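# Descriptive structure summary
Here is how the chains run, residue by residue.
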Amino acid sequence: MTVKNLIALAEELERYLGDPHDPSSLMSFERILGYDEREEFPHELVGLLQRWHLHEYCLPAAYGGRAGDVEVGFNLLRLVARRDPTTATALMLTDLAFMPTWIAGTEEQKRYFVDAINHGTRMAWGLSEREHGSDVLSNEMRAERVAGGYLLTGEKWLIGNATIADAVSVQARTDERGGPGGWSIFSVEKRKAPAGAVVELPNERLHGLRALDMSGIRLDRLFVPDSARLGAEGQGLEIALKSAQVARTTISSMALGAVDTALRVTLDFVTERVIFGQKVIDVPYTRRQLAECFADMVVADCVSTGAVRGLQANPGQTSVFSSAVKYHVPTSLERTMAQLSVVLGARLYLRSHPHYGIYQKMLRDVLVAIFADGNTVVNLKNIALQLEGLLRTVRGPVSPEAAARVELQYDLDATLPEWRPEEQQLFSRGGDDTVLLLPDSIRLLREQAAAHPDERQREWMSRSANVAEALYGQLERLDTEVRRLRAEHGRGYASTAELFRLAEQYCTIHAAAATVHLFTRSARALAEPFPDGALLLLCLERSWRHFDPARPVTDAEVVDRVVTILRALHDERRLFSFWQFQLCASGERR
């Protein structure tokens, strides 16, 4: 979908949902906070999204959905999440539970479940178990082979939608020897099971997403027919990991939506609040805090967009960018929320305030992106285990195929190939085109700087290219340190804390590279004020500070320019993003 068409669709959804600060709108903050305070599942809010057919943009068009490009559903859910991450998550959980069917199901199964979802069926993804968490190879649910099917026995716990779901996709052991090939995926349809055979576990009270159904199920020799198995017997781990790659890539829409609202209400405050004779936004320290928060959001947006588009443009490297984005975005935006909380001050504690009450909910809800679908440690481990191979290849040579893939990933107007999630690979075999092509985008940036008519922009873009080169230069040091760790620890180096620290730094370089790619390769697709040299420079400074926190690369002039862009987006009611969707939003009513 072109940038123009995506913007039109997103703004249609915005108009349908209305201004969340208006109590009479369909999805108002007042209504959302009511569900949150009561810890009551928002059936009403999920229903109004279904009536708009939002869920169809996450289901394959070939079987009755409307999904073409993944970034469409990603951005639509982001607009829902800026109002309520709980409702967005509840809707997304059904799509996630359908992923095993999309990846490995038969043609009949795909059509059946898409039709069922389009007629209101809710689904849950039953992967985790109480005693094992992220260690899915230790899970205990069994599938005993019998004539015509399987008997399922075991418990799944901390499962979103588990109680309200009509169908639960579950992972179960089909080979007592265990191992990677010892698991399969089954669809458990509650309405086809004997009454009471699927026991729903108590709903867990949550810190964030308080209105979500987060419970579980228990099965005791429940019979499911052969037709309930999704994919081949023994293919369960592969299917689960590929489904997780999609979830890790797309869950950042929740974090981006929540932080957009947090930044927006903070700006509502600082642009009007006068203290010690000046508006809060005119205090230099506050201005830098806000500029840095906006820059962090833009970096998160760029690395998320590259990853989401990469599901179609570069499925062979999904294992790298899905873990990089799942580590970087929640970690970065948690820091952003901490900075915004300092700026907003006492108002973040006002749960019932008609304007600022939503902030404390966003502060709690955004944390789900850290642990859901693979926590920080799990994703860093995935990068760490591939790091040695990545560092051998990311400094060249560059193949024409790699260059073409990056162009598809980061040119927002480029037509993406059809999404085939079954083509995603579990290991990248040393490839990360995003980092590999960074020098090429630095070259493009210098060319664009030289051609820019504005002298200040030329300077900021040239300084950005210098910082990007310095970040790329860190790869050699990472490679040296990885080799040293292997020499010192042998095979045990993979579990050292030092290797995880190097994986963190690699993710930072990956995110910075994604930012440079999008700024340069989508320059013609973006509307003013994007791309902007001062904003890019501050984005790259945020990455550079992971390596040299004592040496800033920006100054007050850069901060002022970034705050000017931020205020314009706020005043014009536009998304804090290069997408710049026109929002239905209002400032504080006085």
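Before any of the text, the structure's been laid out above.
With that settled, consider the overall build of the chain. Within the chain one finds 20 helices and 10 strands. Against the 2.2 N^0.38 benchmark of 25 Å for 590 residues, the chain shows a C-alpha radius of gyration of 24 Å, consistent with a compact globule. Dimensions of the chain, computed from the C-alpha atoms along their principal axes, are close to 75 × 60 × 40 Å. Within the span of the chain, comprising 590 residues, buried residues form 62% of the whole. Long-range pairs, those at least 24 residues apart, make up 78% of the contacts in the chain between residues at least 6 apart in sequence. Of the accessible surface of the chain, which amounts to about 22,100 Å², a share of 52% is contributed by carbon and sulfur atoms. Across the chain, 68 positive and 78 negative side-chain charges occur, with their mean positions spaced 1 Å apart.

It is worth spelling out the packing of helix H8 (residues 252–270) against helix H20 (residues 556–571) at this point. Closest axis-to-axis distance for the H8/H20 pair is 11 Å, and the angle between their directions is 95°. Comparing their axes, H20 and H8 come out roughly perpendicular. For the pair formed by H8 and H20, the contact residues are Leu263, Arg264, Leu267 and Asp268 on the first element and Leu566, Leu569 and His570 on the second. Taken together, the residues of the contact of H8 with H20 sort by class into 4 nonpolar, 1 polar and 2 charged.

With that settled, the discussion passes to the pattern of salt bridges. Inspection of the entire model under this criterion finds 53 salt bridges. The residue Glu155 makes a salt bridge to Arg218 at a minimum N-O spacing of 3.2 Å. Separated by 63 residues along the polypeptide, Glu155 in strand S3 (residues 149–160) and Arg218 in strand S7 (residues 214–225) bring together distant segments of the chain. Its relative accessible area of 22% is what places Glu155 among the partly exposed residues. Glu292 is the salt-bridge partner of Arg288, the closest N and O atoms lying 3.1 Å from each other. Taken together, the residues span about one helical turn, with Arg288 and Glu292 both in helix H9 (residues 284–313) at a distance of 4 residues. When its relative accessible area of 5% is taken as the criterion, Glu292 is described as buried. Residues joined in a network through salt bridges with shared partners are Arg288, Glu292, Asp296, Arg335, Glu541, Arg542 and Arg545.

On to the nonpolar core. Note on soluble globular proteins: their nonpolar side chains tend to be buried together. In terms of nonpolar packing, the biggest core is built from 183 residues, with Leu54, Leu76, Leu290, Phe294, Leu475, Tyr506 and Leu535 touching the most fellow members. If we ignore the near neighbours within four places in the chain, the residues touching Leu54 are Leu13, Leu49, Leu76, Leu77, Val80 and Leu91. Counting residues in hydrophobic clusters, the runner-up holds 20 residues, among them Ala124, Ile159, Val168 and Leu222.

Take the pairing of strand S5 (residues 183–189) next. Counting buried positions along S5 gives 6 out of 7 residues, so the element sits mostly inside the fold. Where S5 lies against strand S8 (residues 229–230), 2 bridges are found, and the strand directions are antiparallel. Residue Phe186 lies in a different strand from S8, and its bridge partner there is Arg229.

Our next topic: the environment of Tyr356. By the element assignment, Tyr356 lies in the loop between helix H10 (318–344) and helix H11 (357–365). Given the relative accessible area of 0%, Tyr356 is considered buried. On a C-alpha basis, the gap between Tyr356 and Phe269 in space is 9.0 Å, while along the polypeptide they are 87 residues apart.

Reading guide: rules and limits
- Residues numbered from 1 in each chain as written.
- Predicted model: local features only at pLDDT ≥ 70, side-chain atom pairs only at ≥ 80, totals over all residues.
- Heavy atoms only, no water.
- Helix = DSSP H or I, 4+ residues; strand = E, 2+ residues; numbered from the N terminus.
- Rg over C-alpha atoms; globule rule 2.2 N^0.38 Å.
- Buried < 20%, exposed > 50% of the residue type's maximum accessible area, 1.4 Å probe, protein only.
- Contact = heavy atoms within 4.5 Å.
- Areas by Shrake-Rupley, 256 points an atom, 1.4 Å probe, with all protein chains shown as cover.
- Lys, Arg positive; Asp, Glu negative; His and termini not counted.
- Charge placed at Lys NZ, Arg CZ, Asp CG, Glu CD.
- Axes fitted to C-alpha atoms, helices over the stretch in contact; angles between N-to-C directions.
- Parallel < 35°, antiparallel > 145°, perpendicular 65-115°, else oblique.
- Nonpolar A, V, L, I, M, F, W, Y, C, P; charged D, E, K, R; others polar.
- Salt bridge = Lys/Arg side-chain N within 4 Å of Asp/Glu carboxyl O.
- Core = buried A, V, L, I, M, F, W, Y, C linked by side-chain atoms within 4.5 Å.
- Pairing = 2+ DSSP bridges.

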